[in-house]
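So you can see what is in the structure, the chains are spelled out below.
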Amino acid sequence: MHFTINGQSYDAEPDIRTSVLDLCREHLGLTGSKKGCDHGQCGACTVLINGRRVNSCLTLAVMHQDDEITTIEGIGQPGNLHALQDAFVRHDGYQCGYCTPGQICSAVGMLDEVKKGWASHASGDLTDPKFDDAEISERMSGNLCRCAAYPNIVDAIREVGGAEPAGRTADEKDAAMEANARGELVA
Amino acid sequence: MNEHVMDVACRPAGLDRSKQGVLGLGLDRIEGPAKVTGVADYAYEATPDGIAYAAIVGTPVGSGRILGIDVRAAEALPGVIAVIQGDPRMPAGESNSRALPKFDTDVILHLGQPVAIVVAEDQAIARDAAALVVVRTEAGEDRFDVEAQPVDTKPEIGFLPPVDKGDLDAVMADTAVTLDRTYTTPVHFPAALEPHATTAWWEGDRLTVRTSNQVIGGARKTIAKALKIDADKVRALAPYVGGGFGGKTGVGAEAILAAIAAEVVGRPVKIALPRRQTAYMVHHRSHTIQRVRIAADEHGVILGMGHESVVAQNDDGEFLEPVPFGTLPLYRGDARRFKTDLVRVDLPASGAVRAPGEAVGTFGVECAMDELAEQLGIDPIELRRRNEPETDPVSGKPFSTRRMLDCYTQGAERFGWPASVPAPGSVREGEWLVGIGMAASLRGNFTVEAQARVRLEADGRATVECDMTDIGTGTYTILAQTAGEMLGLPVSDVTVRLGDSDLPASAGSGGSFGAGSACSAVVLACEDILGELALRMNAAPEDLSLHDGCVSAGGRSVTLADLVRGEPIVAMGKTGPGAESKRTSQASHGAHFVEVAVNAVTGETRVRRMLGVFDVGRVLNRKTATSQITGGMAWGIAYALSEEGIVDTRTGAFVNPDFGEYHVAVNADIPQLEVHFIEEIDTSANPVGAKGVGELGISGAGAAVANAIYNATGVRVRDFPVTLDKLLAGLPAV
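Bear in mind the structure is a predicted one, so any value in this text is a computation, not a measurement.

Here is what the cut-offs are and how they apply
Residues numbered from 1 in each chain as written. Chains lettered and ligands numbered in written order. Predicted model: local features only at pLDDT ≥ 70, side-chain atom pairs only at ≥ 80, totals over all residues. Heavy atoms only, no water. Helix = DSSP H or I, 4+ residues; strand = E, 2+ residues; numbered from the N terminus. Rg over C-alpha atoms; globule rule 2.2 N^0.38 Å. Buried < 20%, exposed > 50% of the residue type's maximum accessible area, 1.4 Å probe, protein only. Areas by Shrake-Rupley, 256 points an atom, 1.4 Å probe, with all protein chains shown as cover. Lys, Arg positive; Asp, Glu negative; His and termini not counted. Charge placed at Lys NZ, Arg CZ, Asp CG, Glu CD. Phe/Tyr/Trp six-rings, centres within 6.5 Å; stacked < 30°, edge-to-face > 60°. Lys NZ or Arg CZ within 6 Å of the ring centre and 35° of its normal. Pairing = 2+ DSSP bridges. Contact = heavy atoms within 4.5 Å. Axes fitted to C-alpha atoms, helices over the stretch in contact; angles between N-to-C directions. Domains from an automatic or database assignment. Buried area = accessible area lost by both parts, 1.4 Å probe. Salt bridge = Lys/Arg side-chain N within 4 Å of Asp/Glu carboxyl O. Polar contact = N/O pair within 3.5 Å; in protein donor to acceptor, adjacent residues only side chain to side chain.

1. A look at the overall build of chain B
Part 1 of the argument: A count of helices and strands for chain B gives 18 helices and 30 strands.
Part 2 of the argument: On C-alpha atoms alone, chain B measures out to a radius of gyration of 27 Å, which is about the 27 Å that the 2.2 N^0.38 rule sets for 734 residues.
Part 3 of the argument: By the burial criterion, 66% of the 734 residues in chain B qualify as buried.
Part 4 of the argument: When the accessible surface of chain B is totalled, it reaches about 23,800 Å², and 49% of it is carbon and sulfur.
Part 5 of the argument: Averaged over its 68 positive side-chain charges, chain B has a centre that lies 2 Å from the centre of its 95 negative ones.

Rendered as structure tokens:
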């Protein structure tokens, strides 16, 4: 079988039951995409197929020989981070890091969906959805983070996607925390 | 080796004098780029050549005896390399440093107990073949319903001895104001996102395992004990661990089984537990039934307090959920009774999940305090203030540091806690009922023996090495910050090597003791290096000034690289508990404040905002410490609202052993969370002066949510989680 992943060509002969996720992880050495549940319940395996986000554990490799697959390895690399990857680092949008590649692939796909005007469950106006924290949280709720870095994930995506913050901005929070440190340090 | 056990309080001068100013800053994680690009490799990754895949066969029933295992159909499947059963080293469950499980037993302890391993060329084949193994069993008398079992009131397991001071029954009978309530919490799964996984390979008689484990030094010894080989023949690697939450503190059966399989087939073998199998092969937190009794005078001053619980464990388990652990030093009151009883069941093992004791015990005691405040007509914060103890009310020991009152005051101020809390069910915005709640947070602090090696390299950079793990806690970064602070280096000049059991033995990640213990070992190692640098500078250590890779003393300034002169300076540090640890009562403290909205039509609860103030000793990295706390707060929200492992009492199966049905918090459940620290360096805790952070955030968080729900609705739910069905009947008319 022949696959195009991150713009590169790969030939592989996986078992016909092999998912796109296992193709990447077990056959092609692309272990950036993570397996959390293998049931499409956690989102750790999220990749982009023809630009749309997909749970790669739920789709068979054999179905995607003519598709463009993008995994986290194709989004950015150490030293050449995508804006979202950089924002996740600065906002601490992760802890253990296991869900992170899926979160970032999902965020890339999600921002594109917003750009196209696709509505979500959180949209007040289905024909003209606003982009705010509620939209980010709703649209990212298919990606579980057991460490629960959710507020920081929202901060990172908001910064890159240009949404309006809810309540305090991240900068305001940082400033408040620094003031807190100065005022309360008992040396 | 520079060793400081905590026999006396300790405050390393090198940290106070430092000019680098890097410890405590909210720096980005140094391993961040590896994590966000997928380069960070976990246990199931970085696979050796010739790997074979394994799947584990579990018992199809939850009690009785195994009569036989028929592997013929599985063996006949093309691609199957071996089906292994009956090996005397095969564990029936988890191993840990205190206890080994049964091996190669025909006794069935619970459904899904591992009994055979299938090894195949491919994951799909292994999984397919595992389903073809037939396990014949003889039925036993099952004990799947925890509420139907006899209660052992004097269990001989568990680490927390019962406390019975004064005569609580008499105080309850004689006091005007009393409260006697029962609260229940369900089974909780640790549910780390990274599956429990191991890759194992042998080189001669030496075993290497890449394993998803929080405490790899302990794992190395435990694996050796289980396999009956010398510990120095085992190397455990865990450079990255995708969350642990207590579930990865011991050695799962899959790690031992992978090692056995690799030996049998003569190839590297890897196993990752499928998500639904994880619920059976990894321990969970027991359900709890908690009776809380409080006797107080008319001013709300507590005279007696009881926290007595019942929890479950299977016949092979040694762990007893220490429900009242956080209650012990929380409030005053001379009469005190704290104990935890046991029911034995035929269910998977219960064990330590994030903040064992406090995570669920605070649901009982902190909701009871809310109920008592209402009964007395006192503000819940004021009630807690009046009961702040001056010394540990159980042991009489002085507190090392305790800023609980400041947590209440600052939290109330920042949150905007009103002078008078609105009556329950009285605030309404359209179809939403709005309420506020608070709870105290406390987690015992421990210091554990830990070593670290620091090398000041020829180029003036430093390398820190120990067998700690970073399970998302920030270990890589805080160790770099600690060494940078002591040696006058930016963190970009410090390399941190963790997750290899060949490195100096640390505490591992568990019980919130990892950061304080490991960073202290690094400080002590650096003290030795400073001593050597002082000699070379012909100065006293206290006269050295180190900053950005330069050492200055007596008007002379030299780069570290010049001072090292080609041969690295290598030093070891070691810390551990001592007399000071025993002399003082140590804990981290905090207070949570929550605003919820409950839909009057559907009973749906939304947490609108949540804020906490925490006393954790020295903050090692403001960003990662904040993240750990907010993660715990989010767990508290999910414990309050949705997490509930349900047992099918007919079969001993979990009804909901996956993320589709066991509802951890999702992004949309969690609002922006606000965390503030009160930083008082705790010189009794450990040399670096840090108390535990990782488990503090969950302690009390769920109770604060439940108290806010009560304030919003007037409905007091004592059976957690507070789901819609439990609220609906009591909600005011729409």
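2. So, the packing of aromatic side chains
Part 1 of the argument: Inspection of every chain in the model, using the stated rule, returns 14 aromatic pairs over all chains.
Part 2 of the argument: An aromatic cluster is defined as three or more aromatic residues linked by ring pairs; in this entry it consists of Tyr98 of chain A together with Tyr42, Tyr240 and Tyr476 of chain B.
Part 3 of the argument: Sitting above the plane of the Tyr44 of chain B ring, Lys270 of chain B keeps its charged end 4.0 Å from the centroid.
Part 4 of the argument: Residue placement shows Arg609 of chain B over the ring face of Phe415 of chain B; its charged tip is 3.9 Å from the ring centre.

3. Regarding the sheet that holds strand E18 (residues 432–444) of chain B
Residues and elements named next belong to chain B.
Part 1 of the argument: Pairing is mixed in the open sheet, where 5 strands are placed in the order E17-E18-E26-E27-E30. Taken across any chain shown, the strands that pair with only one partner, and hence form the sheet edges, are strand E17 (428–429) and strand E30 (673–678).
Part 2 of the argument: Contacting E18, strand E26 (587–599) and strand E27 (605–615), helix H17 (residues 701–713) runs over the sheet at an angle of about 155° to E18.

4. Considerations on the domain arrangement of chain B
Residue and element names in this part refer to chain B.
Part 1 of the argument: Partitioning chain B into domains gives domain 1 (2–42 + 448–578) and domain 2 (288–445 + 586–728).
Part 2 of the argument: A C-alpha centroid distance of 35 Å is found between domain 1 and domain 2.
Part 3 of the argument: Contacts between domain 1 and domain 2 engage 28 residues on the former and 22 residues on the latter.
Part 4 of the argument: When domain 1 packs against domain 2, the two sides together hide about 1,900 Å² of surface, and 56% of this comes from carbon and sulfur.
Part 5 of the argument: A per-residue breakdown of the area domain 1 buries against domain 2 is headed by Met6, Arg11 and Ser512, which together make up 24% of the total.
Part 6 of the argument: Linking domain 1 with domain 2 are 1 salt bridge.
Part 7 of the argument: Residues Asp28 and Lys623 are paired through a salt bridge, measuring 2.4 Å at the closest nitrogen-oxygen approach.
Part 8 of the argument: In this structure, the connection of domain 1 to domain 2 is made through 8 residue pairs in polar contact (both at pLDDT 80 or more).

5. Some words on the sheet that holds strand E15 (residues 302–314) of chain B
Residue and element names in this part refer to chain B.
Part 1 of the argument: As summarised here, the arrangement of the 5 strands in space is E8-E16-E15-E14-E9, forming an open sheet in which the pairing is mixed. Only two strands of the sheet have a single partner each, and these edge strands are strand E8 (163–165) and strand E9 (177–185). Each strand axis lies, on average, 15° off the axis of its neighbour in the sheet, ignoring direction.
Part 2 of the argument: As paired strands, E8 and strand E16 (residues 335–345) are joined by 3 bridges and run antiparallel to one another.

6. A word on the interface of chain A and chain B
Part 1 of the argument: Taken together, the contact between chain A and chain B spans 63 residues of the former and 71 residues of the latter.
Part 2 of the argument: Both sides of the chain A and chain B interface together cover about 5,300 Å² of buried area, and 53% of this is carbon and sulfur.
Part 3 of the argument: Residue contributions to the side of chain A that touches chain B peak at 7 residues, all from helix H6 (residues 150–161) of chain A.

7. Focus: the environment of Gly510 of chain B
Part 1 of the argument: Secondary-structure assignment places Gly510 of chain B in the loop between strand E21 (494–497) and helix H13 (514–537).
Part 2 of the argument: Distance in space between the C-alpha atoms of Gly510 of chain B and Phe245 of chain B is 8.0 Å, their sequence separation being 265 residues.

8. A closer look at the pattern of salt bridges
Part 1 of the argument: Scanning the entire structure with this criterion turns up 70 salt bridges over all chains.
Part 2 of the argument: In this structure, the salt-bridge partner of Asp38 of chain A is Arg127 of chain B, at a minimum N-O distance of 3.7 Å. Of this pair, Asp38 of chain A sits in the loop between helix H1 (20–27) and strand E3 (46–49) while Arg127 of chain B is found in helix H4 (residues 123–130), placing the two residues in two different chains.
Part 3 of the argument: A salt bridge links Lys102 of chain B to Asp316 of chain B; its shortest N-O distance comes to 3.9 Å. Here the residue Lys102 of chain B occupies a position in the loop between strand E4 (80–85) and strand E5 (107–108), and Asp316 of chain B occupies one in the loop between E15 and E16, the gap between them amounting to 214 residues.

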